[in-house]
2 protein chains.
Amino acid sequence: MSDPILIERQGSFAVGGTVLTSPGSFDPYPIYPGPAGQTLHGDHAYVQFQIPPKARRHPLVMLHGGSTFGKTWESTFDDREGYQSIFLRRGHPVYIVDRPRQGRAGKMTEGATFEPRFSEQATFCVWRLGVWPDYFPNVQAPRDKEFLNQLFRSQFPSLGPRNHEVTVAAMSALFAKIGPAVLVTHSFGGIQGWLTALESTNIAGIVAYEPTQFVYPEGELPAPITSADAMVASITEDLEVPSEQFARLARIPIQIVYGDNIPVAPSPHGGLDLWRVSVPKARQFVEALRRHGGDAEVLELPSIGLNGNTHCPFSDLNNIAVADAMELWMNGRLLTV
Amino acid sequence: MSDPILIERQGSFAVGGTVLTSPGSFDPYPIYPGPAGQTLHGDHAYVQFQIPPKARRHPLVMLHGGSTFGKTWESTFDDREGYQSIFLRRGHPVYIVDRPRQGRAGKMTEGATFEPRFSEQATFCVWRLGVWPDYFPNVQAPRDKEFLNQLFRSQFPSLGPRNHEVTVAAMSALFAKIGPAVLVTHSFGGIQGWLTALESTNIAGIVAYEPTQFVYPEGELPAPITSADAMVASITEDLEVPSEQFARLARIPIQIVYGDNIPVAPSPHGGLDLWRVSVPKARQFVEALRRHGGDAEVLELPSIGLNGNTHCPFSDLNNIAVADAMELWMNGRLLTV
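Residues numbered from 1 in each chain as written. Chains lettered and ligands numbered in written order. Predicted model: local features only at pLDDT ≥ 70, side-chain atom pairs only at ≥ 80, totals over all residues. Heavy atoms only, no water.

1. With respect to the overall build of chain A
In step 1: When its secondary structure is counted, chain A shows nine helices and 16 strands.
In step 2: Against the globule reference of 20 Å for 337 residues, chain A gives a C-alpha radius of gyration of 20 Å, in line with a compact fold.
In step 3: Summarising its shape, the C-alpha atoms of chain A cover approximately 65 × 50 × 50 Å along the three principal directions.
In step 4: In chain A, which comprises 337 residues, the proportion classed as buried is 65%.
In step 5: Within chain A, contacts between residues separated by at least 24 positions form 75% of all contacts whose residues are at least 6 apart in sequence.
In step 6: Carbon together with sulfur atoms contributes 54% to the accessible area of chain A, which is approximately 11,900 Å² in total.
In step 7: Across chain A, the 27 positively charged side chains and the 34 negatively charged ones have centroids separated by 5 Å. (Helix = DSSP H or I, 4+ residues; strand = E, 2+ residues; numbered from the N terminus. Rg over C-alpha atoms; globule rule 2.2 N^0.38 Å. Buried < 20%, exposed > 50% of the residue type's maximum accessible area, 1.4 Å probe, protein only. Contact = heavy atoms within 4.5 Å. Areas by Shrake-Rupley, 256 points an atom, 1.4 Å probe, with all protein chains shown as cover. Lys, Arg positive; Asp, Glu negative; His and termini not counted. Charge placed at Lys NZ, Arg CZ, Asp CG, Glu CD.)

2. Digging into the interface of chain A and chain B
In step 1: Across the boundary between the two partners, chain A contributes 90 residues, which contact 90 residues of chain B.
In step 2: It is Arg104, Phe118 and Arg153 of chain A that lose the most area in chain A upon contact with chain B, and together they represent 13% of the buried surface on that side.
In step 3: For the interface between chain A and chain B, the tally reads eight salt bridges.
In step 4: In this structure, Glu74 of chain B and Arg104 of chain A form a salt bridge, with 3.2 Å as the shortest nitrogen-oxygen distance.
In step 5: Between the two partners, chain A and chain B, sit 56 residue pairs in polar contact (both at pLDDT 80 or more).
In step 6: The element that contributes the greatest number of residues to the side of chain A that touches chain B is strand 2 (residues 9–15) of chain A, accounting for six residues.
In step 7: The residue inventory of the side of chain A that touches chain B, partitioned by class, reads 42 nonpolar, 34 polar and 14 charged. (Buried area = accessible area lost by both parts, 1.4 Å probe. Salt bridge = Lys/Arg side-chain N within 4 Å of Asp/Glu carboxyl O. Polar contact = N/O pair within 3.5 Å; in protein donor to acceptor, adjacent residues only side chain to side chain. Nonpolar A, V, L, I, M, F, W, Y, C, P; charged D, E, K, R; others polar.)

3. Some remarks on the packing of aromatic side chains
For any pair of aromatic rings, geometry is given as the distance between the ring centres together with the angle between the planes.
In step 1: Tallied over the full model, the rule gives 36 aromatic pairs over all chains.
In step 2: Ring geometry for Phe13 of chain A against Phe49 of chain A: centres 5.8 Å apart, planes inclined by 40°, an arrangement best described as tilted. With Phe13 of chain A in strand 2 and Phe49 of chain A in strand 5 (residues 45–51), this residue pair connects regions lying 36 residues apart in the sequence.
In step 3: Classification of Phe13 of chain A by relative accessible area gives buried; the value is 8%.
In step 4: Cation over ring: Arg90 of chain B sits above Phe87 of chain B, and NZ or CZ is 5.6 Å from the ring centre. (Phe/Tyr/Trp six-rings, centres within 6.5 Å; stacked < 30°, edge-to-face > 60°. Lys NZ or Arg CZ within 6 Å of the ring centre and 35° of its normal.)

4. Concerning the pairing of strand 4 (residues 39–42) of chain A
Residues and elements named next belong to chain A.
In step 1: Covered by surrounding structure in strand 4 are Thr39 and His41 together with Leu40 and Gly42, the residues of both alternating faces.
In step 2: Where strand 3 (residues 18–21) and strand 4 come together, four bridges link them in antiparallel fashion. For Val19, the partnering residue across the bridge sits in strand 4 and is His41. (Pairing = 2+ DSSP bridges.)

5. What about the sheet that holds strand 11 (residues 181–186) of chain B?
To summarise the sheet geometry, strands pair through backbone hydrogen bonds and adopt either a parallel or an antiparallel arrangement.
Residues and elements named next belong to chain B.
In step 1: An order of 2-5-7-6-11-12-15-16 is seen for the eight strands of this open sheet, with the pairing classed as mixed. Looking at strand neighbours, the two that pair on one side only are strand 2 (9–15) and strand 16 (296–300), the edges of this open sheet. Strand-to-strand twist in this sheet, taken as the mean axis angle between neighbours without regard to direction, amounts to 20°.
In step 2: This element, helix 8 (residues 270–291), spans strand 15 (254–258) and strand 16 of the sheet and lies at about 155° to strand 16. (Axes fitted to C-alpha atoms, helices over the stretch in contact; angles between N-to-C directions.)

6. Quick look at the relation of the copies chain A and chain B
In this arrangement, two copies of a chain are superimposed by a rotation about an axis accompanied by a shift along the axis.
In step 1: Placing chain A over chain B gives an RMSD of 0.0 Å and needs a rotation angle of 180°, together with 0.0 Å of translation along the axis. Read as a symmetry element, the transformation amounts to a two-fold axis. (Least-squares fit on C-alpha atoms with pLDDT ≥ 70 in both.)

7. A closer look at the pattern of salt bridges
Residue and element names in this part refer to chain A.
In step 1: Here the structure, examined in full by the defined rule, presents 34 salt bridges over all chains.
In step 2: The residue Arg101 makes a salt bridge to Glu110 at a minimum N-O spacing of 3.5 Å.
In step 3: The exposure class of Arg101 is buried, given its relative accessible area of 7%.
In step 4: In this structure Glu110 comes out as partly exposed when scored by relative accessible area, which is 38%.

8. Let's talk about the sheet that holds strand 16 (residues 296–300) of chain A
Residues and elements named next belong to chain A.
In step 1: If you walk across this open sheet you meet the eight strands as 2-5-7-6-11-12-15-16, and the pairing is mixed. Only two strands of the sheet have a single neighbouring strand rather than two, namely strand 2 and strand 16. Averaged over all pairs of adjacent strands, the angle between their axes in this sheet comes to 20°, without regard to strand direction.
In step 2: Bridge count for strand 5 against strand 7 (residues 94–98) is five bridges, and the pairing is antiparallel. Across the sheet, the residue bridging to Gln48 is Ile96, located in strand 7.
In step 3: Across the face of the sheet, helix 9 (residues 319–332) comes into contact with strand 6 (60–63), strand 11 (181–186), strand 12 (203–209), strand 15 (254–258) and strand 16 while running at roughly 150° to strand 12.

9. Thoughts on the confidence of the model for chain A
In step 1: Of all residues in chain A, 99% have pLDDT values of 70 or greater, and the mean over the chain is 96.
In step 2: Two summary scores accompany this predicted model of the complex, namely pTM at 0.98 and ipTM at 0.97. (pLDDT = per-residue confidence, 0-100.)

10. Quick notes on the packing of helix 5 (residues 189–199) of chain B against helix 7 (residues 243–250) of chain B
All names here are of chain B.
In step 1: Contact pair helix 5 / helix 7: the axes reach a minimum separation of 8 Å and the direction vectors enclose 105°. Taken together, helix 5 and helix 7 sit at an angle that is classed as roughly perpendicular. Across the interface between the two elements, Trp194, Ala197, Leu198 and Glu199 from helix 5 touch Gln245, Phe246, Arg248 and Leu249 from helix 7.
In step 2: The residue inventory of the contact of helix 5 with helix 7, partitioned by class, reads five nonpolar, one polar and two charged. (Parallel < 35°, antiparallel > 145°, perpendicular 65-115°, else oblique.)

11. Side note on unusual backbone geometry
Residue and element names in this part refer to chain A.
In step 1: With an omega dihedral of 5°, the bond running from Trp132 to Pro133 counts as a cis peptide bond.
In step 2: Within the secondary structure, Pro133 sits in the loop between strand 9 (130–131) and strand 10 (134–135).
In step 3: Phi at Lys54 is positive, roughly 45°, even though this residue is not glycine.
In step 4: Note that Lys54 resides in the loop between strand 5 and strand 6.
In step 5: Notably, Ser187 is not glycine yet its phi reads approximately 55°, a positive angle.
In step 6: Structurally, Ser187 can be placed in the loop between strand 11 and helix 5 (189–199).

12. Some remarks on the environment of Ser119 of chain B
In step 1: For Ser119 of chain B, the location among the structural elements is in the loop between strand 8 (112–114) and helix 2 (120–126).
In step 2: The spacing of Ser119 of chain B and Phe152 of chain B is 33 residues in sequence and 9.5 Å in space, taken between C-alpha atoms.
In step 3: Those residues in contact with Ser119 of chain B that sit more than four places away from it in its chain are Gln38 and Thr39 of chain A.

13. Here's the deal with empty space enclosed by the protein
In step 1: Counting across every chain of the model gives 12 cavities of 30 Å³ or more.
In step 2: As for the largest cavity, its lining consists of 16 residues, and the residues nearest its centre are Gln48, Gln50 and Gln84 of chain A together with Gln48 and Gln84 of chain B.
In step 3: Counting residues per element, the ones that place at least two in the lining of the largest cavity are strand 2, strand 5 and strand 7 of chain A together with strand 2 and strand 5 (45–51) of chain B.
In step 4: Across the lining of the largest cavity, the residue classes break down as four nonpolar, 10 polar and two charged. (1 Å grid on protein atoms, 1.4 Å probe; cavity = no way out; pocket = protein on both sides within 12 Å on 5 of 7 lines; lining within 4 Å. Points joined across faces, edges and corners; volume = space filled by probe spheres on them.)

In structure tokens form, the structure reads like this:
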């Protein structure tokens, strides 16, 4: 057994969001009165936090991907410690976010319709376990049924249209509340991280696992890198932002991390071709940040001898080594003091 | 500062649920293929757990109410420790559930439509903070705006029709996985707790905070206690269950706890009259359990000198004293060894 994790304070809270008020006078008598005079608090983020004793100065704020929730950072699908516990043991306060309208932040100010979707075998490919039903030979994942059961149940349906504005507002409110912290994003959380960094002054560094979208100053959007799968274009669409905002982003140390089994040549599998497109796009983004004075890099895990990582390197079998790489990078930027 | 909380192991998992498979052959090429040949894992519960070193034998499994999620047991709306941390400090493993189709367990096998509802001022009354906008004079709650902000954002909309079957299946799977444990329920979680106890053999005790519905053996349903507010009837509707299943429930030690400011005479406020009806209903249930050999009791907190408790005694200002009462009861049943 390893030593116990020490927690000085833990809990959860809502942050950000809006309040709507229905016109009229509240009727205090019926148990189910009409909407008149009543409020609706919604569109906040849900945040769970744990703070170790004698904590390091910079908390880690962890923002999940598009079809998931805060579970991403908790224990792994095969029940080992994930980034939550790994970085608590290393002395960082950890804040895990459920983005507005997803997971525990499901109280929305807009209506939504949910249709169940059969999409798990496609996820197996996009998350780079392999091409269903075959695993990549070196994949850093166990191959038992319960692993996939947990992985598929770690997903979360989109309840409404994905809305960057409500997420960025809630994330900015979180950074305003807790002060300077390192933002760790996954996948679709990446673009929402860049957008938050344009608004917030409290982001001390960003580690982005496998983002597919980036931001550029006005007039500097690069030519798109295209895929034979037409749907890849929307998942990798970049955004133009005001130059002075981009300059703020360029002042933040940024590491962008990708795993293994990413094809170099175009792949007939759209779920793999997404990554063939995304890695050079990340390199273009890093070049743009550097042009504007930034400290940014792309880390492909195989380049440091870490092989077989999926779309979720932080929960793969070698996730301690992946965490070591993140800590080494943070160390170099004084983010672990 | 108090001492740190010690955690030997923590994490989260999905439990229960079903798997649907769409007919046909999976197409491994497009990033968004059709449903053919793909699966949908849904209707599980999400469970987060923390296990202290040298833990007591009986974990506590905490099941939230109808319009909430696992946050119920985390930090209080005014950012003090809730039952999660209080009972970890006392050596119990703690398992916090988000019921299927709610909170982090939002991946469903059925479609659903969500309509935003303005209902917070009514909640203020049903949760017995007072009659909006006036607080009860002795209420165990701070009266600042941020408290209400957190309280209202701790709610969760029903995404689909409430379904006892999927919850009971997931809860039973949880108890099968972790072994004998004490079930702690809140509000609507109460009826789902009784129903789980009819199925599972691993429930070592039940502490139910403010339930409104109960179960009876066939032929023993008592006459309903009625309210002038017609909606109260459905919220307090009892269920008939097979006698041999009820006998199993009667073997489990049960404590049912209510707070303060519950009217004795009929109230014109439906949200208060609900509790005027529920307390004597709980007494009838306790009588039925005792007739069948049960060890069951109703604890009204004012009877032990705890005044001003709301519908959420475990997170009220005096929640340490409320936890003491729970521990005392568990002690008497050897549930704290």
